[in-house]
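Letter by letter, the chains look like this.
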Amino acid sequence: MSLKLYNTLSRSKEEFKSITPGLVGMYVCGPTVSGESHLGHARPYITFDVLLRYLTHLGYKVRYVRNITDAGHFEEEGREAEDKISKKAILEKLEPMELVHKYTGLFHWAMKEFNNLSPSIEPTATGHIVEQITMIEQIIKDGYAYVANGSVYFDVEKYNTDYSKKGLPYGMLSGRNIEEQLETTRELDNQEEKRNKNDFALWKNAAPEHIMRWKSPWGVGFPGWHIECSAMATKYLGEVFDIHGGGMDLQFPHHECEIAQSTVCNHKTPARYWVHNNMITINGRKMGKSYNNVIKLTELFSGNHPILEQAYHPMTVRFFILQSHYRSTLDFGNEALQAAEKGLKRLWEAYENLYKFSTADSLQAPVDAELDAKVVKLLAEFDEFMDDDINTAKVLASMFELVPVINGIKNKQLENGTLSNTTIELLKTKMKLFLEDIFGFTSMQQNTNGKLEGIVELLINIRKDAKAKKDFVTSDKIRNELAALGVQLKDEKDGTVSYVVE
RNA sequence: GGUCCUGUGGCCGAGUGGCUAGGCAGAGCUCUGCAAAAGCUUCCACAGCGGUUCGAAUCCGCUCGGGACCUCCA
């Protein structure tokens, strides 16, 4: 079996084949660092992190490019041109560069909290002004863009007419046609510079008060929203690359425009597989500034937000996201997050216990051949589910079916030697591979340099003595007060005591 | 208004037409000094109405509800 990915271009699952055997180029639209990252950002970057890890597991060498948008775009086209970053910079009395630096740092911090791997290249828009200008010049030269008052616009109408003949109409990704667009696009002000409402800016003339500005053949200004991704993807991944990812909300117009720009310059549709993750909703509504329901990642991890009943660990959020399929909307709620927190804890504890198993304990032939076979089957399905458009939800469900088996063996509720040595070894290998390497989970335990461990062991021993003397007042006091401090004692079947730190 | 997606049990969520994922919560039991943990068992579903089919949560139609995009957006 081989990996299948849902391709937005064809609206179907397609077998994944890389252009160059063994190598994959993947571009994912990164954040605009004019503000703090929020819960919504967690979804694509975790989703594509898992895809990156899975492709790597399959043996591909992946070049993962994720940009940082540090040059502002128009808040709203037609309104007075205002650069997101420069506007806020004035309000906060900060240099744009200072603001960008701050939020880029926060973004990187959050990505690390989520245990997302770093991209191979993380290019910035401001670092690629030259490439963008070069690309715009090319588009003008080919006749698909025009200059107006120091701004440059892409001629969507002409592009659509010419490229429809080649089977590459504008709107092919998002499934809309331009004729309808003309009738349904809202009436906007100050559009006289454009020949057509559908045209989009490649370069925008900067008003004198504008802080972010660069010299260009058309005057002083700044790049339009879409051109950076085309320029940087082409530069680092080539004219045609394997995977382009991002949130569904970017399908139109952003990715549509990217396709148009790149196609004009390179005469090819830039990416083979367009992969889009769905949105996270809060109470059934998409999170967004206009809805006033944005939860920033710092707030999510600290619990400091009116919607939040408690803080949520980055791993809980990661688990929550991977428990659904990336193409479904995922509804956020305290109850759901708390369920995820408990579920992950149970799964992770079983996993850690599994790793303590000695295969010397079990016999060569499984006592329970049926269960042994079931375990082997569940493990084999991990790969099948991932190959089927990265169905992390199904893999996790299978893992939960393995939890009672692992716990049963550990607590001797299952007979010694229930599973064969081979199966236990396979269980260990695959659980590690999927939980840590592919899903990217890490332990939520804090490293306390062994001091806490020593203290807890001491208390466990005192409690053991108290219990031996039937001094249950003391033993319960130790147990309950440790629990209040977040240290949960567990009396194991064999008389030993283990514990978990919250 | 246009285009598209969606409606699964208390909550979150998988679901390729037949074998009713999974998590959390609830109930019972085993274990336990008591509890927790763990194990076992168990209750509660496919928005509604039609249709196709031997058989539909899954396909089709209609109705109702929710959402997304069309504007910055992950």
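Anything mentioned here points back to the structure above.
Cut-offs applied
- Residues numbered from 1 in each chain as written.
- Chains lettered and ligands numbered in written order.
- Predicted model: local features only at pLDDT ≥ 70, side-chain atom pairs only at ≥ 80, totals over all residues.
- Heavy atoms only, no water.
- Pairing = 2+ DSSP bridges.
- Helix = DSSP H or I, 4+ residues; strand = E, 2+ residues; numbered from the N terminus.
- Core = buried A, V, L, I, M, F, W, Y, C linked by side-chain atoms within 4.5 Å.
- Buried < 20%, exposed > 50% of the residue type's maximum accessible area, 1.4 Å probe, protein only.
- Domains from an automatic or database assignment.
- Contact = heavy atoms within 4.5 Å.
- Phe/Tyr/Trp six-rings, centres within 6.5 Å; stacked < 30°, edge-to-face > 60°.
- Axes fitted to C-alpha atoms, helices over the stretch in contact; angles between N-to-C directions.
- Parallel < 35°, antiparallel > 145°, perpendicular 65-115°, else oblique.
- Left-handed = near helix turned anticlockwise from the far one by under 90°.
- Nonpolar A, V, L, I, M, F, W, Y, C, P; charged D, E, K, R; others polar.
- Polar contact = N/O pair within 3.5 Å; in protein donor to acceptor, adjacent residues only side chain to side chain.
- Near = heavy atom within 4 Å.

Colleague: Explain the sheet that holds strand β13 (residues 285–286) to me, and be specific about the residues and the numbers.
Modeller: On the basis of which strands lie adjacent, the open sheet formed by three strands has the order β13-β12-β14 and mixed pairing. Each edge of the open sheet carries a strand with a single partner, namely β13 and β14 (330–332). Two elements, strand β12 (residues 280–282) and β14, share three bridges in a ladder whose sense is parallel. Looking at β14, one finds that T281 is bridged to D331.

Colleague: Can you lay out the nonpolar core for me, pointing to particular residues and giving the numbers?
Modeller: The biggest cluster of nonpolar side chains holds 83 residues, and the ones touching the most others in it are I243, L300, F332, M399, M431, F439 and F441. Counting contributing residues, this core receives three or more from each of domain 1 (4–277) and domain 2 (297–438). Apart from the residues within four sequence positions on either side, I243 is in contact with L5, F16, V24, G25, M26, Y27, L51, L55, A271, Y273 and V275. In terms of nonpolar packing, the next biggest core, distinct from the first, is built from 39 residues, F154, Y159, F200 and L250 among them.

Colleague: How would you sum up the packing of aromatic side chains? Please name residues and give values.
Modeller: The geometry of an aromatic ring pair is captured by the separation of the ring centres together with the interplanar angle, meaning the angle of the planes. Counted by the stated rule, this structure contains 22 aromatic pairs. Between Y144 and Y159 the ring centres are 6.3 Å apart and the planes differ by 80°, which places this aromatic pair in the edge-to-face class. Of the two residues, Y144 is situated in the loop between α4 (129–141) and β5 (145–148) and Y159 in helix α5 (residues 156–164); the sequence distance between them amounts to 15 residues. The pair formed by Y144 and Y159 is uniform in burial state, with each residue classed as buried. Through a chain of ring-to-ring contacts, the aromatic side chains of F319, F382, F400, F434, F439 and F441 assemble into a single cluster.

Colleague: Just give me the short version of the sheet that holds strand β7 (residues 200–205), but keep the residues and values in it.
Modeller: Taking strand neighbours across the sheet as the criterion, the five strands line up as β5-β6-β7-β9-β8 in an open arrangement whose pairing is antiparallel. The open sheet has two edge strands with one neighbour each: β5 and β8 (214–216). For this sheet the average axis-to-axis angle between neighbouring strands, irrespective of direction, equals 35°. Of the strand pairs in this sheet, β8 and strand β9 (residues 219–223) are connected by three bridges, and their pairing is antiparallel. Opposite W214, over in β9, you have G221 as the bridge partner. Here α4 sits on the sheet in contact with β5, β6 (151–154), β7, β8 and β9, set at roughly 120° to β7.

Colleague: Just give me the short version of the packing of helix α12 (residues 369–387) against helix α14 (residues 421–438), but keep the residues and values in it.
Modeller: Their axes nearest at 10 Å, the elements α12 and α14 cross at an angle of 25°. Classed by the angle they form, the pair α12 and α14 counts as roughly parallel. For the crossing formed where α12 meets α14, the hand is left-handed. Mapping the contact onto sequence places D372, V375, V376, L379, A380, F382, D383 and M386 in α12 and T423, L426, L427, K430, M431, F434 and I438 in α14. Residues that form the contact of α12 with α14 fall into these classes: eleven nonpolar, one polar and three charged.

Colleague: Before we move on, could you go through the environment of N304 and cite the residues and values that matter?
Modeller: With respect to the helices and strands, N304 occurs in the loop between α9 (297–302) and α10 (314–322). As for N304 and K469, which are separated by 165 residues in sequence, their C-alpha atoms are 46 Å apart.

Colleague: Got a sec to walk through the environment of N391? Specific residues and values, please.
Modeller: In this structure, N391 sits in the loop between α12 and α13 (392–410). Judged by its relative accessible area of 15%, N391 is buried. Taking the C-alpha atoms as reference, N391 lies 28 Å from I68; in sequence the two are 323 residues apart. When sequence neighbours within four positions are dropped, the list of residues in contact with N391 reads H325, F385 and M386. Of the polar contacts made by the side chain of N391, one reaches the backbone nitrogen of K394; its length is 3.1 Å.

Colleague: Describe the side chain of N334, listing the residues and the values that go with them.
Modeller: Along the polypeptide, N334 turns up in helix α11 (residues 334–354). Non-local contacts of N334, meaning those with residues more than four positions away in its chain, are made with I307, L308, E309, Q310 and Y312.

Colleague: Before we move on, could you go through the pairing of β5 and cite the residues and values that matter?
Modeller: Examined bridge by bridge, β5 and β6 share four bridges and lie antiparallel to one another. Across the sheet, A145 pairs through a bridge with F154, a residue of β6. The loop that links β5 with its antiparallel partner β6 comprises two residues; one of these, N149, has a positive phi angle of about 50°.

Colleague: Residue-level account of the protein's contact with RNA strand B, with values.
Modeller: Around RNA strand B lies a shell of 63 residues, among which W225, K286, N411, R479 and D491 are the nearest. Those atoms of RNA strand B that come within 4 Å of the protein belong to sugar or phosphate at a rate of 69%. Within the backbone of D331, a nitrogen or oxygen atom sits 2.6 Å from a phosphate oxygen of RNA strand B. For the surface near RNA strand B, the element with the most residues is α13, which contributes eight residues. Each residue belonging to the surface near RNA strand B can be placed in one class, and the counts come to 20 nonpolar, 22 polar and 21 charged.

Colleague: So what's going on with unusual backbone geometry? Which residues, and what values?
Modeller: The step from F252 to P253 runs through a cis peptide bond, and the omega angle for that step is 0°. Within the element layout of this structure, P253 appears in helix α8 (residues 251–266). The phi torsion at R11 lies on the positive side, around 55°, for a residue other than glycine. Locating R11 in the fold gives a position in the loop between β1 (4–7) and β2 (12–15). You will see that K412, though not glycine, has its phi angle at about 65°, which is positive. Within the secondary structure layout, K412 lies in the loop between α13 and α14. Judged by its relative accessible area of 64%, K412 falls in the exposed class.

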